[in-house]
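Examining the three-dimensional arrangement
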Amino acid sequence: MPPAASDVLAITDWRRRTAELYADVRRTAATDPAAAHATWVQGRDELFAEHPASPLTPEARGGFRGLVVAPYDSAFRFEVRVRAASNQRLEVATGTDGIVPFERIGRVELAGLGSLSVWALRGYGGGLFLPVKDGLAGRPGGTFGGGRYLLDTIKGADLGRRDMPGGPLVVDLNFAYNPSCAYDPSWACPLATRGNVLVAEVPVGELVPEPAVDLGGQR
């Protein structure tokens, strides 16, 4: 059965508004990353509370008072270059986009934390995908067990590059956010594989929702 037109249009508008939000974030972050983070938190709260494509279940939306997000900490903001890495390919089943292929294009090194694989989306539209799972994943009051997203440019989640195309990639862990399956298990989301796991704790960004969905063992 084809999806309902209303559902497709709602998701399209969600992505449009997400892209607009990140455009505001990039403009503000050029001079004030903490203010950009506050804009991001407010924008996501509004989308989750009001938008028809919100990943919150109807029951959760009724009592929603805002996402759980840690205060901004500039120590977790990095500007890094993508370094070469061996080829790797993933094919991941998702809730709305079918089977999505990813190919690794390199790695980024985050000083004091470790390194993460950077993936190219090989479906229509392309773009970057950068998930992360850290040492607080699955712990009470910590981060989502299946990991979080930093960049997902097919959905507009893009913190940008500095100066010009090809310049350093902005990797700000304060903007790490939970995938939709953290709020509703009916969603199927790409999760962090071994190349995107940090042993270090990352206590910033969006934290575990309540009640949480346990996907800590999914790969």
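Described below are features of the structure shown in this document. Source: prediction; values computed, not measured. (Residues numbered from 1 in each chain as written. Predicted model: local features only at pLDDT ≥ 70, side-chain atom pairs only at ≥ 80, totals over all residues. Heavy atoms only, no water.)

This part covers helix 2 (residues 33–50). Given a rise of 1.5 Å per residue, 18 residues ought to cover 26 Å, and the 26 Å separating the end C-alpha atoms of helix 2 matches this to within 8%. For helix 2, every residue scored as buried is listed here: Ala36, His37, Trp40, Gly43, Arg44, Leu47 and Phe48. What you see down the axis of helix 2 is that its buried residues fit within an arc of 130°, all on one side. Where helix 2 is buried, its residues meet helix 1 (5–29) and helix 3 (58–62). (Helix = DSSP H or I, 4+ residues; strand = E, 2+ residues; numbered from the N terminus. Expected span 1.5 Å × (residues − 1). Buried < 20%, exposed > 50% of the residue type's maximum accessible area, 1.4 Å probe, protein only. Arc of directions from axis to C-beta. Contact = heavy atoms within 4.5 Å.)

The subject of this paragraph is the pattern of salt bridges. As enumerated under the stated definition, the model contains 11 salt bridges in all. Between Asp13 and Arg16 there is a salt bridge whose closest N-O contact spans 3.1 Å. Of the two residues, Asp13 and Arg16 both sit in helix 1, three residues apart, roughly one turn of that helix. For Asp13, a relative accessible area of 26% translates into the label partly exposed. With a shortest N-O distance of 2.7 Å, Arg89 and Glu103 are connected by a salt bridge. With Arg89 in strand 2 (residues 89–94) and Glu103 in strand 3 (residues 98–110), this pair connects stretches of sequence that are 14 residues apart. Taking relative accessible area as the criterion, Arg89 reaches 45% and is therefore assigned partly exposed. (Salt bridge = Lys/Arg side-chain N within 4 Å of Asp/Glu carboxyl O.)

Within the element layout of this structure, Val25 appears in helix 1. Along the sequence, Val25 and Ala38 sit 13 residues apart, while their C-alpha atoms lie 9.0 Å from each other. When neighbours within four sequence positions are excluded, Val25 is seen to be in contact with Ala36, Trp40, Leu159 and Phe175.

Let us look at the nonpolar core. Formed by 53 residues in total, the largest nonpolar core has its most connected members in Leu110, Leu113, Leu116, Leu150 and Leu173. Among the secondary structure elements, those contributing two or more residues to this core are helix 1, helix 2, strand 1 (77–80), strand 3, strand 4 (114–121), strand 5 (128–132), strand 6 (148–152) and strand 7 (169–172). Among the elements that line this core, the one with the most residues is helix 1, at six residues. Setting aside residues no more than four positions away along its own chain, Leu110 makes contact with Phe78, Val80, Leu116, Val171 and Leu173. (Core = buried A, V, L, I, M, F, W, Y, C linked by side-chain atoms within 4.5 Å.)

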